[in-house]
Amino acid sequence: MTALVERIDTFGKGAWIALMVVSFVVFWPLGLAILGYMMWSGRMGCWSKGKVAGLNSGMFGMDMGGGPGRWYRGGAAFKPSGNRAFDEYREETLRRLEDEYEEFQGFLEKLRHARDKALRPLLIKALTGAERIITVSDSLRRLALDLGVVPERARVVANGVDADKFYPADRAAMRARFKLPDEARVLITVGGLTERKGFHRVIALLPALLQQFPELHYLIVGGASAEGDWEGRLRQQVEALGLGERVHFLGTMPPETLREPLSAADVFVLSTRNEGWANVLLEAMACGLPVVTTDVGGNAEVVPRPELGTVVPFDDSPALQQALGDALSRQWDRDATIAYARDN
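What you see is a predicted model; the values in this text were computed from it and never measured.

(A) Up close: the packing of aromatic side chains. This structure, assessed with the given rule, holds zero aromatic pairs. Looking at R233, its charged tip hangs above the ring of W230, at a distance of 4.7 Å from the centre. The ring of F249 is capped by R235, whose NZ or CZ atom sits 4.3 Å from the centre of that ring.

Laid out in structure tokens, this is it:
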């Protein structure tokens with residue numbers, strides 16, 4: 001065993017990485033074991049801030065920071081082998097790895113706040129010492145109670161929407177502005193281009209949805225945020241899936257003009273990992289859009305009734321695809337959706 005380790009070391013870190021990747025494809029538990037050994041022994045040499053920081057597109061076609069399952073997609077390493085059974089097994093293995101990565105990231109998100117050993121005492125001191133705690137959602141109120149806040153001191157005051165900025169514009173005119181066909185079915189997401197917001201989870205479903213809705217388009221509104229910038233990764237994913245003519249990156253927009261792309265769309269989707277109260281959902285509703293989103297944070301509080309949209313479990317791709325298909329097929333009472341948003 002020692003001789004084998006020394007032999008691989010003669011080829012450098014790249015040999016270890018190649019061995020790890022092959023192991024993930026052939027037998028993923030072995031790949032995880034090799035990854036753990038590399039981290040323990042210092043052979044990784046670039047593990048930083050929860051992601052592999054120095055291994056870019058030269059070998060895999062995508063930045064490895066995007067999660068294990070995305071190391072291959074769109075790159076030379078994921079070209080069909082000619083063996084259908086092997087390709088299906090490899091795809092399933094990578095999907096499982098990606099799911100585990102997503103779960104791990106969610107765990108880190110929780111640790112970063114209320115469960116962080118350094119931050120938790122400060123949160124408890126601030127919250128329990130306050131005369132009144134105001135949260136934007138009941139999910140955050142429950143978190144405050146878990147940290148020791150007396151129930152009588154905690155109150156929910158949800159965010160509202162500015163009806164002077166968010167209201168429907170003429171759909172035909174907005175579709176012409178964004179060069180969308182009149183007959184198109186249009187999804188839209190607004191938010192920072194980060195992993196948490198889940199643009200990549202929606203993009204991954206577009207090939208299947210296009211079979212059901214051949215004129216489907218997806219508008220992405222947003223840019224880099226304090227959490228990072230995933231635009232490059234998202235563009236790589238779009239290119240790898242051959243969706244260049246169906247996914248439109250519109251960049252960041254001021255609140256005063258957000259109603260324009262929202263009015264061009266049919267359904268708003270936010271496949272987010274974590275939220276307190278996603279006000280963008282109300283803003284979309286104020287423009288007449290039904291919402292499909294994930295059951296995290298206060299999202300179910302923003303979308304409490306089926307006539308307003310659908311809330312699906314986080315990281316459940318089949319459920320998300322089904323909800324999007326249903327939303328794109330259904331006739332919605334847009335006036336009722338607008339009225340609900342304005343009442344909030």
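(B) Spotlight on the packing of helix α13 (residues 279-286) against helix α16 (residues 334-343). Taken N-terminus to C-terminus, the directions of α13 and α16 make an angle of 135 degrees; their axes are 7 Å apart at the nearest point. Overall, the two elements α13 and α16 adopt an arrangement that is oblique. Taken as a pair, α13 and α16 cross one another with a handedness that is left-handed. Of α16, the residues touching α13 (which contributes L282, M285 and A286) are T337, I338, Y340 and A341.

(C) Just empty space enclosed by the protein, in detail. Inspection of every chain in the model, using the stated rule, returns one cavity of 30 Å³ or more. One number sums up the size of the largest cavity: a volume of about 40 Å³. Looking at the largest cavity, the residues that line it are R201, S271, T294, P313, D315, D316, S317 and L320. Here the residues of the lining of the largest cavity are counted per class, giving two nonpolar, three polar and three charged.

About the cut-offs
- Residues numbered from 1 in each chain as written.
- Predicted model: local features only at pLDDT ≥ 70, side-chain atom pairs only at ≥ 80, totals over all residues.
- Heavy atoms only, no water.
- Phe/Tyr/Trp six-rings, centres within 6.5 Å; stacked < 30°, edge-to-face > 60°.
- Lys NZ or Arg CZ within 6 Å of the ring centre and 35° of its normal.
- Axes fitted to C-alpha atoms, helices over the stretch in contact; angles between N-to-C directions.
- Helix = DSSP H or I, 4+ residues; strand = E, 2+ residues; numbered from the N terminus.
- Parallel < 35°, antiparallel > 145°, perpendicular 65-115°, else oblique.
- Left-handed = near helix turned anticlockwise from the far one by under 90°.
- Contact = heavy atoms within 4.5 Å.
- 1 Å grid on protein atoms, 1.4 Å probe; cavity = no way out; pocket = protein on both sides within 12 Å on 5 of 7 lines; lining within 4 Å.
- Points joined across faces, edges and corners; volume = space filled by probe spheres on them.
- Nonpolar A, V, L, I, M, F, W, Y, C, P; charged D, E, K, R; others polar.

Worth remembering: the numbers are spatial, not functional.
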